[in-house]
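# Structural characterization, general
Spelled out from the first residue to the last, the chains are:
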Amino acid sequence: MEIIKTDCGLCINSCGIDAYVENGRLVKVEGTKENFLNKGELCEKGKYLVEMVYSPARLKYPMKKVNGRFQRISWDQAFDEIGAKLLELREKYGARTLATWTGSVGVEHFEMAAFNQRFAKAFGSQNFFNPEGICFRTRILARQITFGRYPVEEPRNADCIFLWGHNPDASYFPQANIIREAVQRGARLIVIDPRRIPLAKEGIYQPIRPGTDAFLALAMMNVIIEEDLWDKEFVEKWTTGFDRLVEHVKAYTPEKAEEVTGVPASEVRRFARIFANSERSCIVEGVGHLNQYANGLQTERAFSVLMAITGNIDRPGGWVTCPQPRFSDLRVPVEEKNLGYDEYPIFHQFGKRTPPYGSASMMTETIITGKPYPIKALFSSGSNPALTFPDTNRFLEALKHLELFVSIDPQMTETSQLADYALPACTSLEETGIGGFPYAISYGVPYILLRKKVIEPLYESMPIWKIWSNLGHRCGLGEYFPWKTDEEVAEHFFAPMNLTLEQLKEHPAGLYFAEKEYEIYEKVGFATDSKKIELYSARMEELGHSGLPVHVEPQQSKVADPIFAEQYPETLLTGARRVEYIGAQMRDVPALRTIVPEAEAEINPVTAKKYDIIDGEMIGIQTPRGRIKIKAKVTEDIMPGVVSVPHGWATANCNLLLDARVRDEVSGYITMRGNGCRIVKLG
Ligand SMILES: Nc1nc2c(c(=O)[nH]1)N[C@H]1C(S)=C(S)[C@@H](COP(=O)(O)OP(=O)(O)OC[C@H]3O[C@@H](n4cnc5c(=O)[nH]c(N)nc54)[C@H](O)[C@@H]3O)O[C@H]1N2
Ligand SMILES: Nc1nc2c(c(=O)[nH]1)N[C@H]1C(S)=C(S)[C@@H](COP(=O)(O)OP(=O)(O)OC[C@H]3O[C@@H](n4cnc5c(=O)[nH]c(N)nc54)[C@H](O)[C@@H]3O)O[C@H]1N2
Ligand code: SF4
Ligand SMILES: [Mo]
């Protein structure tokens, strides 16, 4: 039996795994004990990688839809036909007619995102879309606006942790371990969440009205300034805009905060004092969760400013700067504006360089309207947008306008079923590549490893880079795709880090590639225009939005739209994670299905009583966009008036309820939470 150390590519945590291989077959997976992050542990779904790899739902061969039914074809036929179709479409509509989309696996899987972009851009199209346009880029951007770089939370060294809109027991278990260890050391923990999550037991739990977190943060700043608790030396030396902030937060009183957020004024004061008086305070927030609200970007700005005025930047236990891995950039420059450039200037124009991805909300919109130009070819890889893209109806409508839709995935997903061609990608255990690159960005630890091929690609599945390379050769773009093997590709990516594959192989469980330093501003300042932390951002104001963080109501709340809220009085949250599943994946693993057999909508007993509903009953959830049928889970662990529905279930697809036109006006993100809904008693 051979044991190969690599990483679990199922989610962004990239936990180290020991893969046991016998006669070319993966037989068992354990957590790598020496990996700094998971230390031998795996989450519930990571334990079932063998089942994932050998799932009966694997797509074995390239498939083509003929008269509504899939037929097996050869790879050669697939590449020839898709290549020819792309050239025909480019001739007819121009290069911009091509768009590529990668999902969350394109975040975990560096090569996937890189090759999707390389192909699109070599073809002449700027149109690359990924979860940066719906998920986590806002939190990074808001910190870049404030600090000129992206400092990462470091709860392992904190003595006060505000766990704010994040349930790491479900989504990031290594972070949950770090927080529990900090609490055991004596750190204070405050959990702010409309749902009473498991970590709420370990500290003070404070429910909050969904989408009002920026207000709470601003009211805490009000108290901190009023009571003179801010870090004077740090603020004076390293920030700009404090005077404006002082004036600005006067309106955000604890009493007003109580009205808006539901957090009692006395608690707002207490939280402000705890936060400011602790030596090392750290906001640990969700990855994307609070960004997917009407006020996503400004909420992030409020957190950044709160961390800054209390001097918790670049100091141990606060938000700290970590060296990031540097990989070869495969992008080919295209002189073209991103879709969303004019509509969401902060998202696209703030930085010195235009980001390489467009606004995801504009992708479906452009396909449907044909404006500003027709997009007729769409490739989806490492994603299942038919279930996961917010506003399924709009996504399905977009598909009708395409002349070519290709899905690249190891499985025959709900999305692949809708494609003209479904192409079998191999899983991350079947190819060599970059492993653990999100460690630095998610955990602030400069650690990396080589992802190793554990078994040969199953059936006719192929690594994603090879699929794009083959298509590139068919489209006359061969010069952009010179690589012949996984290892050549990996070597190319690692080159700027001066790491060879041999060196990486000598450290199979991973290695530290740099050293983290604190207080680096003492050496290099901050990378903003003013070289200081921008509490007030003049550039944001120039680009049309408030330069100081503000509160914006969710568009469909009782406050923002009382008429709408009369018909849809409950607040809908979608996509709270469960550890057993990731996105729409792993529903085909029987052991996990035994633990969580179906989707459940969490509602409080008060809400249940209002609609005469009992625990376990099937209910309808209705919005103007659609209705789903789902089992009710009546629980005290959620606020009254809030309905929480998971995402990724074909049987109860919450994205049928969302409206892609309801967005954060600053970032362009489609709102996935804080929308209005009503419960329907069935039968
Ligand atoms: N097991 C598993 N892990 C995953 C994923 C998965 O699908 N499954 N998905 C991955 C992906 S793509 C992402 S982006 C991340 C997401 O990770 P996160 O964004 O951190 O999501 P959660 O861990 O579900 O925690 C979000 C918490 O925010 C709370 N919340 C909702 N609305 C509000 C609000 O208005 N205010 C406050 N204060 N809290 C609120 C929810 O109740 C929930 O408990 O997880 C990644 N990890
Ligand atoms: N309503 C609502 N909708 C949401 C969310 C929400 O909270 N609420 N969350 C949103 C967020 S934050 C995100 S990031 C998205 C995630 O949305 P998706 O990325 O679409 O989520 P998954 O269902 O995990 O899809 C990943 C796909 O990649 C495939 N895959 C796995 N490994 C590989 C590989 O090695 N190669 C290739 N080519 N494919 C592979 C899997 O089979 C799976 O089909 O969902 C978004 N949708
Ligand atoms: S948290 Fe679970 S799914 Fe994610 S990398 Fe770790 S073991 Fe894999
Ligand atoms: Mo995400």
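Just above, that's the structure.
The structure contained in this document is the topic of the report that follows. Note that the structure is predicted; figures quoted are calculated from it, not measured.

What follows is about the overall build of the protein. Assigned secondary structure in the protein consists of 26 helices and 27 strands. The globule rule puts the C-alpha radius of gyration for 683 residues at 26 Å, and the 24 Å found for the protein is close to it. Its C-alpha atoms give the protein principal-axis dimensions of about 70 × 65 × 50 Å. The buried share of the protein, taken over its 683 residues, is 64%. Carbon and sulfur atoms make up 49% of the accessible area of the protein, which amounts to about 25,000 Å² in all. Taking the average place of the 80 positive charges on the side chains of the protein and the average place of its 89 negative ones, the gap between the two points comes to 3 Å.

Attention now goes to the packing of helix H8 (residues 213-226) against helix H13 (residues 296-309). Direction vectors running N to C along H8 and H13 enclose 25 degrees, while the axes themselves pass 8 Å from each other. Regarding the angle of H8 to H13, the classification is roughly parallel. The two elements H8 and H13 cross, and the hand of that crossing is left-handed. On the side of H8, the interface is formed by Asp-213, Ala-214, Ala-217, Met-220, Met-221, Ile-224 and Ile-225, while H13 contributes Gln-298, Thr-299, Ala-302, Phe-303, Val-305, Leu-306 and Ile-309.

All right, on to the site of ligand 1 then. In the vicinity of ligand 1 there are 31 residues, among which His-166, Ser-171, Asp-193, Tyr-293 and Tyr-581 approach most closely. Between His-166 and ligand 1, the recorded distance is 2.5 Å, taken from a side-chain N or O atom to an oxygen atom. Within the backbone of Ala-170, an N or O atom sits 2.9 Å from a nitrogen atom of ligand 1. Relative to its free-state accessible area of 920 Å², ligand 1 is covered by the protein chains to the extent of 96%. Of the residues belonging to the shell around ligand 1, the class tally is 16 nonpolar, nine polar and six charged. The residues that make up the shell around ligand 1 include at least three from each of domain 3 (151-320) and domain 4 (562-681).

Here we take up H13. Taking 1.5 Å of rise per residue, 14 residues should cover 20 Å, and H13 covers 21 Å from first to last C-alpha, within 8% of that figure. When you tally the buried positions in H13, you get 14 out of 14 residues, the bulk of the element. Backbone geometry just downstream of H13 places Gly-311 in the positive-phi region, at approximately 70 degrees.

As for its position among the elements, Gly-24 is in the loop between strand S2 (16-22) and strand S3 (25-31). Classification of Gly-24 as exposed rests on a relative accessible area of 54%. Each C-alpha atom, one on Gly-24 and one on Ile-455, is 5.8 Å from the other, the two residues being 431 residues apart in sequence. With near-sequence residues (within four places) excluded, Gly-24 lies in contact with Tyr-54 and Ile-455.

Here the focus is unusual backbone geometry. The step from Lys-371 to Pro-372 runs through a cis peptide bond, and the omega angle for that step is 5 degrees. Within the fold, Pro-372 resides in the loop between helix H15 (360-369) and strand S15 (377-381). With a phi angle near 50 degrees, Asn-67 is a residue other than glycine that sits in the positive phi range. Residue position: Asn-67 is located in the loop between strand S4 (63-66) and strand S5 (69-72). A positive phi angle is found at Asp-228, which is not glycine, with a value near 60 degrees. Following the sequence through the fold, Asp-228 ends up in the loop between H8 and helix H9 (232-238). Accessibility expressed as a relative area gives 47% for Asp-228, which makes it partly exposed.

This part is about the sheet that holds S3. Pairing in this open sheet of three strands is antiparallel, and the strands run S1-S2-S3 from one edge to the other. The sheet is open, and its two borders are formed by strand S1 (2-7) and S3, each paired with just one other strand. Between one strand axis and the next, the sheet turns through 30 degrees on average, direction left out of account. In terms of strand pairing, S2 meets S3 through six bridges, oriented antiparallel. Across the sheet, residue Glu-22 finds its bridge partner in S3, namely Arg-25.

Our focus in this paragraph is the site of ligand 2. Near ligand 2 lie 34 residues; those nearest to it are Ser-104, Thr-388, Asp-409, Ala-584 and Asn-655. One of the backbone N or O atoms of Asn-384 is found 2.8 Å from an oxygen atom in ligand 2. Protein coverage of the free-state accessible area of ligand 2, which is 920 Å², stands at 96%. Counted by class, the shell around ligand 2 contains 14 nonpolar, 17 polar and three charged residues. Residue contributions to the shell around ligand 2 reach at least three from each of two domains, namely domain 2 (63-136 + 330-507) and domain 4 (562-681).

The rules behind each value
Residues numbered from 1 in each chain as written. Chains lettered and ligands numbered in written order. Predicted model: local features only at pLDDT ≥ 70, side-chain atom pairs only at ≥ 80, totals over all residues. Heavy atoms only, no water. Helix = DSSP H or I, 4+ residues; strand = E, 2+ residues; numbered from the N terminus. Rg over C-alpha atoms; globule rule 2.2 N^0.38 Å. Buried < 20%, exposed > 50% of the residue type's maximum accessible area, 1.4 Å probe, protein only. Areas by Shrake-Rupley, 256 points an atom, 1.4 Å probe, with all protein chains shown as cover. Lys, Arg positive; Asp, Glu negative; His and termini not counted. Charge placed at Lys NZ, Arg CZ, Asp CG, Glu CD. Axes fitted to C-alpha atoms, helices over the stretch in contact; angles between N-to-C directions. Parallel < 35°, antiparallel > 145°, perpendicular 65-115°, else oblique. Left-handed = near helix turned anticlockwise from the far one by under 90°. Contact = heavy atoms within 4.5 Å. Near = heavy atom within 4 Å. Polar contact = N/O pair within 3.5 Å; in protein donor to acceptor, adjacent residues only side chain to side chain. Nonpolar A, V, L, I, M, F, W, Y, C, P; charged D, E, K, R; others polar. Domains from an automatic or database assignment. Expected span 1.5 Å × (residues − 1). Pairing = 2+ DSSP bridges.

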